Amino acid sequence: GVFSCWEVCPEACFEKHEETRRVELAHEERCIRCGACIVQCPKDALSFQDAEGVRIEPDEIRRFKLNLLGRRSVPSEPPVAGEP
């Protein structure tokens, strides 16, 4: 119900439903997998899946994807020593 994904999506993949405070991925075919929606979601409600259907966690995506707004309302976990 935060609508961050809807705000940052460069391809307008999401539809916002104010009455239910929900966002729907209504146009999945438009998705370019830029990760902006995942980076900005303060609730970690979104993720990608790999080719085998395994969820790629939001923290992992944030390590490699651009933050289009330049900030995030919920801080990510600090990197673990020894990991890239």
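Just so you know, these numbers come straight off a predicted model, no measurement behind them.

Participant: Describe the overall build of the protein chain, naming the residues involved and giving the relevant values.
Facilitator: Scanning the protein chain from N- to C-terminus turns up three helices and four strands. The order of α-helices and β-strands along the protein chain, N terminus first, is α-β-β-α-β-β-α. Long-range pairs, those at least 24 residues apart, make up 31% of the contacts in the protein chain with a sequence separation of at least 6.

Participant: How would you summarise the environment of Ala36 if you had to cite specific residues and measurements?
Facilitator: Position of Ala36 relative to the elements: it lies in helix H2 (residues 36-40). Between the C-alpha atom of Ala36 and that of Ile61, which follows or precedes it by 25 residues, the distance is 9.5 Å.

Participant: Explain the pairing of strand S1 (residues 14-17) residue by residue, including any values.
Facilitator: Here four bridges tie S1 to strand S2 (residues 22-25), and the two strands are oriented antiparallel to one another. Residue Phe14 lies in a different strand from S2, and its bridge partner there is Leu25. Between S1 and the antiparallel strand that follows it, S2, lie four residues; Arg21 among them carries a positive phi value of about 55°.

Participant: Break down the side chain of Ser4 for me, citing the residues and quoting the values.
Facilitator: Assignment of secondary structure puts Ser4 in helix H1 (residues 4-8). Judged by its relative accessible area of 12%, Ser4 falls in the buried class. Excluding anything up to four places from it in sequence, Ser4 contacts Gln40 and Pro42.

What counts as what
Residues numbered from 1 in each chain as written. Predicted model: local features only at pLDDT ≥ 70, side-chain atom pairs only at ≥ 80, totals over all residues. Heavy atoms only, no water. Helix = DSSP H or I, 4+ residues; strand = E, 2+ residues; numbered from the N terminus. Contact = heavy atoms within 4.5 Å. Pairing = 2+ DSSP bridges. Buried < 20%, exposed > 50% of the residue type's maximum accessible area, 1.4 Å probe, protein only.

Distances and angles like these do not, on their own, reveal function.
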